[in-house]
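Commentary on secondary and tertiary structure
Here are the chains, one letter per residue:
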Amino acid sequence: MTIRYISTRDTQPVPDILAFDEVLLKGLAPDGGLYAPISIPRLPTAIERSRLSAAEQPSQHHSTRRGPPSTSQQTHQPHRTAFTYPELATQIIAAYTTNIIPDEHLKSMVFDAYSSFRHPNICPLVAIAENHYLLELFHGPTFAFKDVGLQLVARLFDYELNRRNSRVMIIGATSGDTGSAAMRAVAGLPRVEIVMLYPSERISEIQRRQMTTLTASNVHAIAIDGTFDDCQDLVKAMFADEHFRAELQLAAVNSINWARIVAQIVYYVWSYYQLGENQAVTFCVPTGNFGNILAGHYARRMGLNINRLLSASNANDILSRFFANGSLSAREVVATLSPSMDIQISSNLERLLFEIFDFDGNATSALINEFRSTGRASLTPKQHDQLRTGFQGDRLTDQETLEVMAGVHADTGLTIDPHTAVAVGVAQKQQRIHPDELIITLATAHPAKFPDAVASATGKTPNMPAPLAALEHKKERRVSLPKDLAAVQSFVRSVRNS
Ligand SMILES: *Cc1c(COP(=O)(O)O)cnc(C)c1O
């Protein structure tokens, strides 16, 4: 079955229906909406079958699973699985690309994408306490979970652009991790140029160096003298300029890109399967733009045995308030120790709202417009109930986050980054209420990316992996521009023509 997509804000009597390749390259719909699938495939039967047969095998880990790890940094002994990560990924992603991308092409892109990961399990599972596991998503080239989606998306772009004999200019704004992951993923691709805007002086030195030390001639990081919001406004203005957009063939790879979400569904299934249990699992996800946790929602809709999806926030807690009371109400963004989650408007939430509104583009755009213009919007009690059955949220302060980092370090010897710690803390609170609940918490960044927070929590500076340590000695290419649309546009043009 071919999966088709419509915009969450489509208000036409007969909506525009798109296929995977179009959704991939378009990113955002012309009406400002996000593309959402009209139907969801089931998990491929080969996966279901092998999962069942794995669960029937007597498990030597079962008796020890409930104890805390005996040595520090011990990878959970994975259940004997019938598939490797790239094999599983190929099967799951193929369910969304059937009839659009031939399976053998998809397979080679997937295998190539995950060959850049440093861990043999790609996304390994680590026990941190009784009934509590970490799914480490940071073993890709830039040490944050964005690599899982973007390494594949870059290859899909390359494939489609070759097939169409065309090229694109990717532009985006980054508060840190997306920029380096996207630039690294497309570096050297002949049909792609990328320009990423970042707020000068407001990202960490490691994050900046990850972008400015890349040597490929098609990747460009620009420091804007302003905030992340200023960068995002410049990007939006370039997309809104239709002439400019068409002239340069602008494309986006930010977290609303559907292909990123599809790639992220895989590790939910993978981790469930690694655990080798036959009971429902709760996932706890450090949430910013809602892309990561939404992939968990799709995994559940594909048939994965998920109990609850817990959305973990820092002080920017609009989502946990929304799940609790059914109302969205915006507040000022505050800076925290987990900067990739310092977001008030989580764009991917729109895909979930669209589902709750029974795929009604009118209702979805009405709610979004109300929220954009007044800073508030509410669900009906019935809609709120529907939301609450699948999602719950909670928040952690910076102080609590540091305590969790210190606690995990003391108990297990494991160092975790502040984003991961927010989710670990939320999971721990839940397990005090429901001690039998099996929870997998998603670990989204390597602790060495946030050395200051780690040092203040644990008293120890994290070990720098060699690729991060090497950044300090590499030459930086630093370009700065004022917060001025004309200046940025002329830079983008000059890049295209060079
Ligand atoms: C991007 C990011 C997040 C938030 O993920 P979303 O998909 O935007 O919800 C959390 N942690 C880290 C380290 C990130 O880079």
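Our subject is the structure that appears above.
Values in this document were obtained by computation on a predicted structure and should not be read as measured data. (Residues numbered from 1 in each chain as written. Predicted model: local features only at pLDDT ≥ 70, side-chain atom pairs only at ≥ 80, totals over all residues. Heavy atoms only, no water.)

Observations regarding the site of the ligand
Of all residues adjacent to the ligand, which total 15 residues, the nearest are K146, D177, G288, N289 and T444. For the ligand, an oxygen atom lies 2.9 Å from a polar atom in the backbone of N292. Contact distances for the ligand include 2.9 Å between a nitrogen atom and a side-chain N or O atom of T444. Taken together, the residues that form the shell around the ligand break down as five nonpolar, eight polar and two charged. (Near = heavy atom within 4 Å. Polar contact = N/O pair within 3.5 Å; in protein donor to acceptor, adjacent residues only side chain to side chain. Nonpolar A, V, L, I, M, F, W, Y, C, P; charged D, E, K, R; others polar.)

Observations regarding the sheet that holds strand β8 (residues 250-251)
Two pairing modes exist for strands in a sheet, parallel and antiparallel, and in both the strands are linked by backbone hydrogen bonds. Spatially, β8-β5-β6-β7-β15 is the arrangement adopted by the five strands of the open sheet, whose pairing is parallel. This sheet does not close on itself; its edge strands, each paired only once, are β8 and β15 (479-481). As judged from the six bridges shared by strand β5 (residues 168-173) and strand β6 (residues 192-199), these two strands associate in the parallel manner. Bridge assignment links V168 to a residue of β6, and that residue is V192. The strands that helix α9 (residues 228-240) touches are β5, β6, β7 (219-224) and β8; relative to β5, the one it contacts most, it runs at about 150°. (Pairing = 2+ DSSP bridges. Helix = DSSP H or I, 4+ residues; strand = E, 2+ residues; numbered from the N terminus. Contact = heavy atoms within 4.5 Å. Axes fitted to C-alpha atoms, helices over the stretch in contact; angles between N-to-C directions.)

Things to note about the pairing of strand β3 (residues 125-129)
In terms of burial, β3 is a largely internal element, four of the five residues being buried. Taken together, β3 and the strand that follows it, strand β4 (residues 132-136), pair antiparallel across an intervening segment of two residues, in which N131 is found at a positive phi of about 60°. (Buried < 20%, exposed > 50% of the residue type's maximum accessible area, 1.4 Å probe, protein only.)

What about the packing of helix α11 (residues 258-275) against helix α12 (residues 291-301)?
Contact pair α11 / α12: the axes reach a minimum separation of 8 Å and the direction vectors enclose 65°. Judged by the twist between their axes, the crossing of α11 over α12 is right-handed. Packed against α11, whose contacting residues are W258, I261, Q264, I265, Y267 and Y268, the element α12 presents G291, N292, I293, L294, A295, G296, Y298 and A299 at the interface. (Left-handed = near helix turned anticlockwise from the far one by under 90°.)

Quick notes on the sheet that holds strand β9 (residues 281-286)
Spatial ordering of the open sheet is given by β3-β4-β14-β9-β10-β13, a layout of six strands whose pairing is mixed. In the strand order of this sheet, the two ends are held by β3 and β13 (391-395), each with one partner. Averaged over neighbouring strand pairs, the angle between their axes works out to 25° when direction is ignored.

Section: the packing of helix α5 (residues 103-114) against helix α6 (residues 146-164)
Direction vectors running N to C along α5 and α6 enclose 140°, while the axes themselves pass 9 Å from each other. In terms of orientation, α5 and α6 fall into the oblique class. Here the hand of the crossing between α5 and α6 comes out right-handed. Counting all contacts with α5, which are made through H105, L106, M109, V110, D112, A113 and Y114, the residues of α6 involved are V148, Q151, L152, R155, L156 and Y159. Along the lines of polarity and charge, the residues of the contact of α5 with α6 split into nine nonpolar, two polar and two charged. (Parallel < 35°, antiparallel > 145°, perpendicular 65-115°, else oblique.)

Some points on unusual backbone geometry
Trans peptide bonds make up most of the peptide bonds, and negative phi angles are found at most residues other than glycine. Backbone geometry places F143, a non-glycine residue, at a positive phi of 65°. By the secondary structure assignment, F143 is in the loop between β4 and α6. With phi around 60°, F359 is a residue other than glycine that occupies positive phi space. Looking at where F359 falls in the secondary structure, it is placed in the loop between α14 (349-356) and α15 (361-374). For F359, a relative accessible area of 33% corresponds to the partly exposed category.

Description of the packing of aromatic side chains
Evaluation of the coordinates by the stated rule reveals 14 aromatic pairs. Seen from their ring centres, Y96 and W258 are 6.0 Å apart, and the 65° between their planes marks the pair as edge-to-face. Taken together, the positions of Y96 in helix α4 (residues 85-97) and W258 in helix α11 put the pair 162 residues apart, joining distant regions of the chain. Their ring planes at 65° and their centres at 4.8 Å tell us that Y268 and F283 sit as a pair that is edge-to-face. Placement of Y268 in helix α11 and of F283 in strand β9 is noted, with a sequence separation of 15 residues between them. Here the two residues Y268 and F283 agree in accessibility, since each one is buried. Three or more aromatic residues joined by ring pairs form one cluster here, namely Y5, Y96, W258 and Y298. When the ring centre of F143 is taken as origin, the NZ or CZ atom of R118, which lies over that ring, is 3.7 Å away. The ring centre of F391 lies 5.5 Å from the NZ or CZ of R300, which sits over that ring. (Phe/Tyr/Trp six-rings, centres within 6.5 Å; stacked < 30°, edge-to-face > 60°. Lys NZ or Arg CZ within 6 Å of the ring centre and 35° of its normal.)

Overview of α6
Between the first and last C-alpha of α6 there are 27 Å, a value that for 19 residues agrees with the 27 Å anticipated at 1.5 Å per step. Counting buried residues along α6, 16 of its 19 residues qualify, which places the element largely inside the surrounding structure. Among the residues trailing α6, N165 stands out with phi positive, at a value near 50°. (Expected span 1.5 Å × (residues − 1).)

Details of the environment of Q232
Within the element layout of this structure, Q232 appears in helix α9. Overall, Q232 belongs to the partly exposed group, its relative accessible area being 27%. Sequence separation of Q232 and T174 is 58 residues, and the distance between their C-alpha atoms is 8.0 Å.

A few points about the nonpolar core
Counting 115 residues, the largest nonpolar core has Y85, Y96, Y114, F157, Y267 and Y268 as its most contacted members. Looking at which element gives the most residues to this core, the answer is α11, with 14 residues. Among residues more than four places away in sequence, those in contact with Y268 are F283, V285, N292, I293, A295, G296, A299, L304, L309 and L442. Ranked by size, the runner-up nonpolar core spans 26 residues in total, among them I128, A312, A453 and V454. (Core = buried A, V, L, I, M, F, W, Y, C linked by side-chain atoms within 4.5 Å.)

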